Amino acid sequence: MNLFVILGLPLLAALISWFSRGRRVAPAATLVACAIALFLASAAALQVAAGGPAIAIPNWVELDGLGALILLLVAAVATTAALFSWGYIAGERSDRRLRRYYANYNLFVFAMLLVPVLVEPALVWTAVELTTVLAVYLVAFDNTHEAVEAAWKYSVLTIMGGAIALLGFLVLFCATRFGDAPFTWAGLLTLAPRVSPPVLETAFVLILVGFGATAGLVPLHTWLPDAHSQAPSPICALLSGVKTTVALYVILRLVPVLNASGRIDVDRWAILAGLISAGVAAFLILQVTDYKRLFALSTVEHMGIILTAAGLGGAAAHYGAVYQLLNHALTKSFCFLAAGTVLLAVDTHQIASVRGLIRTSPAAGVALLLGGLAISGAPPLAVFLSEFSIFRAGIAQHHYIATGLLAAFVVLAFFGILYHLNRMVFGCPEPARAGALPVKLPTTCTLALALAAIPVVIFGMYIPPPLHALLQMAAAGLSR
Amino acid sequence: MFNLSSALASLNGLAAGLFLLSSFGLVATRQMRGCLRFFSLQSIFLVMSAALLAFALRAPDLVAVAVLDLAIKPILIPWLLRRTVREEIFRRREIDQVLNIPSSLLLSLVLTLVAYFLTALLPAAAGDVASINLPVGLAGLLLGAYTLAVRREAVPQLIGLFGIENGALFAGIAIAPTLPLVAEMAFPFDMLIIALVIGILTRITHERLGTTGVGAFTSLREGAGK
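Computed from a prediction, not measured in an experiment: that's the story for all the values here.

Conventions we followed
- Residues numbered from 1 in each chain as written.
- Chains lettered and ligands numbered in written order.
- Predicted model: local features only at pLDDT ≥ 70, side-chain atom pairs only at ≥ 80, totals over all residues.
- Helix = DSSP H or I, 4+ residues; strand = E, 2+ residues; numbered from the N terminus.
- Rg over C-alpha atoms; globule rule 2.2 N^0.38 Å.
- Buried ≥ 20, exposed ≤ 12 C-beta atoms within 10 Å, placed from the backbone.
- Contact = placed C-beta atoms within 7 Å.
- Expected span 1.5 Å × (residues − 1).
- Nonpolar A, V, L, I, M, F, W, Y, C, P; charged D, E, K, R; others polar.
- Pairing = 2+ DSSP bridges.
- Axes fitted to C-alpha atoms, helices over the stretch in contact; angles between N-to-C directions.
- Parallel < 35°, antiparallel > 145°, perpendicular 65-115°, else oblique.
- Left-handed = near helix turned anticlockwise from the far one by under 90°.
- Core = buried A, V, L, I, M, F, W, Y, C linked by C-beta atoms within 7 Å.

Caption draft 1: View of the overall build of chain A. What chain A contains, in helices and strands, is 21 helices and two strands. Here the C-alpha radius of gyration of chain A, 21 Å, is about what a compact globule of 480 residues would show, namely 23 Å. When its C-alpha atoms are laid out on the principal axes, chain A stretches across 70 × 55 × 40 Å. Sorting the 480 residues of chain A into buried and exposed places 66% on the buried side. Here the analysis covers contacts within chain A between residues at least 6 apart in sequence; of these, 81% occur between residues at least 24 apart.

Caption draft 2: Examining the overall build of chain B more closely. Looking only at helices and strands, chain B has eight helices and zero strands in total. In sequence order, chain B lays out its α and β elements as α-α-α-α-α-α-α-α. The C-alpha radius of gyration computed for chain B amounts to 18 Å, which stays within 12% of the reference 17 Å derived for 226 residues, consistent with globular compactness. Principal-axis analysis of the C-alpha atoms gives chain B an extent of 60 × 35 × 35 Å. Residues classed as buried in chain B amount to 47% of the 226 residues present. For chain B, long-range pairs separated by at least 24 residues make up 76% of all intrachain contacts whose partners lie at least 6 apart in sequence.

Caption draft 3: Structural view of helix H21 (residues 465-479) of chain A. Residue and element names in this part refer to chain A. Helix length check: H21 (15 residues) gives 21 Å between terminal C-alpha atoms against 21 Å at 1.5 Å per residue, within 8%. Restricting attention to buried positions, one finds in H21 the residues Leu-467, Leu-470, Leu-471, Met-473, Ala-474, Ala-475, Gly-477 and Leu-478. Those residues of H21 that are buried lie in contact with helix H2 (25-49), helix H3 (65-88), helix H11 (233-261), helix H13 (291-312) and helix H14 (315-346).

Caption draft 4: How the structure looks around the interface of chain B and chain A. Counting residues at the interface gives 37 residues for chain B and 39 residues for chain A. Breaking the side of chain B that touches chain A down by element, the ones donating at least two residues are helix H6 (128-150), helix H7 (154-175) and helix H8 (181-209) of chain B. Sorting elements by how many residues they give to the side of chain B that touches chain A places H8 of chain B first, with 13 residues. Taken together, the residues of the side of chain B that touches chain A sort by class into 27 nonpolar, six polar and four charged.

Caption draft 5: Region of the structure containing the pairing of strand S1 (residues 54-57) of chain A. Residue and element names in this part refer to chain A. Relative to strand S2 (residues 61-63), S1 runs antiparallel, the two being bridged by three bridges. Note that in S2 the partner of Ile-57 across the bridge is Val-61. Joining the antiparallel neighbours S1 and S2 is a turn of three residues, in which Asn-59 adopts a positive phi near 70°.

Caption draft 6: Spatial organisation of the packing of H3 of chain A against helix H4 (residues 95-117) of chain A. All names here are of chain A. Axis separation between H3 and H4 bottoms out at 8 Å; the angle between their running directions is 165°. The orientation of H3 relative to H4 falls into the category roughly antiparallel. The crossing of H3 and H4 is right-handed. Judged by residue contacts, Gly-67, Ile-70, Leu-71, Val-74, Ala-75, Ala-78 and Ser-85 of H3 engage Tyr-105, Val-109, Met-112, Leu-113, Pro-116 and Val-117 from H4. Class assignment of the residues belonging to the contact of H3 with H4 gives a composition of 11 nonpolar, two polar and no charged.

Caption draft 7: Broad picture of the environment of Asp-226 of chain A. For Asp-226 of chain A, the location among the structural elements is in helix H10 (residues 223-230). Linking Asp-226 of chain A and Ser-353 of chain A, residues 127 residues apart in sequence, is a C-alpha distance of 20 Å.

Caption draft 8: Structural view of the environment of Thr-289 of chain A. Relative to the elements of secondary structure, Thr-289 of chain A occurs in the loop between helix H12 (266-286) and H13. Sequence spacing of Thr-289 of chain A and His-349 of chain A is 60 residues, and the spatial spacing of their C-alpha atoms is 8.2 Å.

Caption draft 9: View of helix H5 (residues 121-134) of chain A. Spanning 14 residues, H5 of chain A covers 20 Å between terminal C-alpha atoms, matching the ideal 20 Å at 1.5 Å per step. For H5 of chain A, a buried count of 14 out of 14 residues is recorded, marking the element as mostly surrounded by other parts of the structure.

Caption draft 10: The arrangement of the nonpolar core in detail. All names here are of chain A. Counting residues in each nonpolar core, the largest one holds 286 residues, and the members touching the most others are Leu-69, Leu-71, Ala-75, Leu-113, Val-139, Ala-151 and Val-322. The leading source of residues in this core is helix H7 (residues 145-173), at 20 residues. In this view, Leu-69 contacts Val-322, Leu-326, Leu-470, Leu-471 and Ala-474; residues no more than four positions away in its chain are not counted.

Caption draft 11: Representation of the environment of Asp-190 of chain B in the model. Tracing the chain through its elements places Asp-190 of chain B in helix H8. A tally of 21 C-beta atoms within 10 Å means that Asp-190 of chain B is categorised as buried. Apart from residues no more than four positions distant in its own chain, Asp-190 of chain B is found in contact with Thr-126 and Glu-129 of chain A.

Caption draft 12: Layout of the packing of H2 of chain A against H4 of chain A. Residues and elements named next belong to chain A. Remark: H2 packs on H4, axes separated minimally by 9 Å, with the N-to-C direction vectors making an angle of 15°. Compared by their axis directions, H2 and H4 come out roughly parallel. As H2 runs across H4, the sense of the crossing is left-handed. Where H2 approaches H4, its residues Ala-26, Pro-27, Thr-30, Ala-33, Cys-34 and Ala-37 are matched on the opposing element by Leu-98, Arg-99, Tyr-102, Tyr-105, Asn-106, Val-109 and Leu-113. Considered class by class, the residues forming the contact of H2 with H4 number 10 nonpolar, two polar and one charged.

Caption draft 13: View of unusual backbone geometry. Residue and element names in this part refer to chain A. Residue Val-218 is joined to Pro-219 through a cis peptide bond whose omega torsion reads 10°. The topology assignment puts Pro-219 in the loop between helix H9 (197-215) and H10. The omega angle of the peptide bond from Pro-379 to Pro-380 is 5°, so this bond is cis rather than trans. Locating Pro-380 in the fold gives a position in the loop between helix H16 (362-376) and helix H17 (382-396). Phi is positive for Asp-347, which is not a glycine, with a value near 60°. Position of Asp-347 among the secondary structure elements: in the loop between H14 and helix H15 (357-360). Assessed through the 9 C-beta atoms surrounding it within 10 Å, Asp-347 is described here as exposed. With a phi angle near 65°, His-398 is a residue other than glycine that sits in the positive phi range. Given 10 C-beta atoms within 10 Å, His-398 falls into the exposed group.

The following block contains the structure:
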């Protein structure tokens, strides 16, 4: 029942935002809806972690460990981004555009919450397509030449990917002819050993290519730096933090199905696709000139890391994969919120035109530095721990070459990210800005940054026991 | 896997042939309106094949899907596009594209052959419905992707996207005719939302830039500084 309330809240908030008057109602309704959804999602996740899967409609709407983790992440990032939006979008003059922003924001969040709770693959496809389509207007929100161009490239590539994935799901449906289990993720697992392997492999490759475009896997990643640099920063936090994760989640769901078949080497596919993404992104990071593109490319890299970890095999690597999934979503959304405050403070996207941020705008400088350190995997922050556990698991599984390459790419990206951010944060401020007073950031933005920073710092040192149990369940969901 | 009586099979073959022909039409036409018309035709042949299958399999689900598809794709989507996108865009002839039409048609022929060879590798292609629908659907998908790649205007690119989706569905009704009704119904509605959103995006592009020539979109590039 809870699941329906979680899904209903953003829909309700979308309606309120659309029909409200004034400038306060829409952001307040959005924030409250997201916060309650987060609370209910935590309750549902606790229930799942305690061993009782939440079933709303059997074989259609259910929640297991992996689903609960994604649901929790979407709700958490949506809440901080909603809080951040309050101050960030306040500069928008037209009330109508403001209300549209929030209505669309809520619909987008609704679609993302829908993906992990549905267990019927064909409906999951529809939900992922919805997340893609509902974000188009948000990407184009700034209505500049660049934003419209980014929205166009984004929609064409990801919708094309969606259509390819659709064929994959239809091929996947053929699996139900080999036995009488329902067409759900769990049903596919029981069917897999009896299904002829080429059917499963074709479906997997089509879905990997199709949803790989939505998740930002190389070579269909080209839209991602464009869209994630031009969209308003809270939207970037949602896009980079959870939207890509949601698409990757669908691909990850298929890994155990193919493994259950026993005759397909799905791990090779996952490692290959993952390493290519991580490698290409690591080299692209070295030459960026726009700090939002920097974080966007780091998303491509992390999608690659997670997929590689899922392919390394074994319980430890799978735990690393879901742990990385959690840390990436939280850290990356924090990074984009930090980038948003930098943008508010200096009003430019260019790395080269920002110097000495720590003096001109201390809050933005500190946030950017923390975000950069966290996402590049500096100890003792959360991403360091998950990346380290992936390497350790990779060595234990005797995947020396794959682990070595992955480590090299991670180190390369580490230096790339910190090289760029170091120049922005420290150094002498430009003379024009040196004398200026620090820009006053909106209170809600600072608050959202502080809230988003908590898990980034804490999860590297301490994971609450229920979350640990949830992560283990999610990892078990990848291993079966 | 599903075998039809010979009359139904040849009717389905006819629908598939016409579907493929209208996919070629999408590649070959030079007018905005022609593009839209070929998409409508293509959708009608998709509905025809679905209806034949529904009749042969006695599947009331597929009838509902066919009716819904018939209402949404050839009628509602073109109407919606003409509502959201300015009429002057539809009056355009001579759509910009990267390759000229004769070479495009040759390449399309190659893509169709590729589709036939690819499906031959799949065990799901057994049975006389799938052996017709699967390669034709895959060819429709590849031709749609080709249209998307070479056209430089917003609306023809959108139609290319729909071509891809129609191709996937044309193959899909043969390999997964028993898909639950809820899921099947979701697909045409999904296309409707895509048409609406991209239609509006096209209008914004047109208002903002004065053109829908999306082929000239090059300001966002790796390392492109402002």
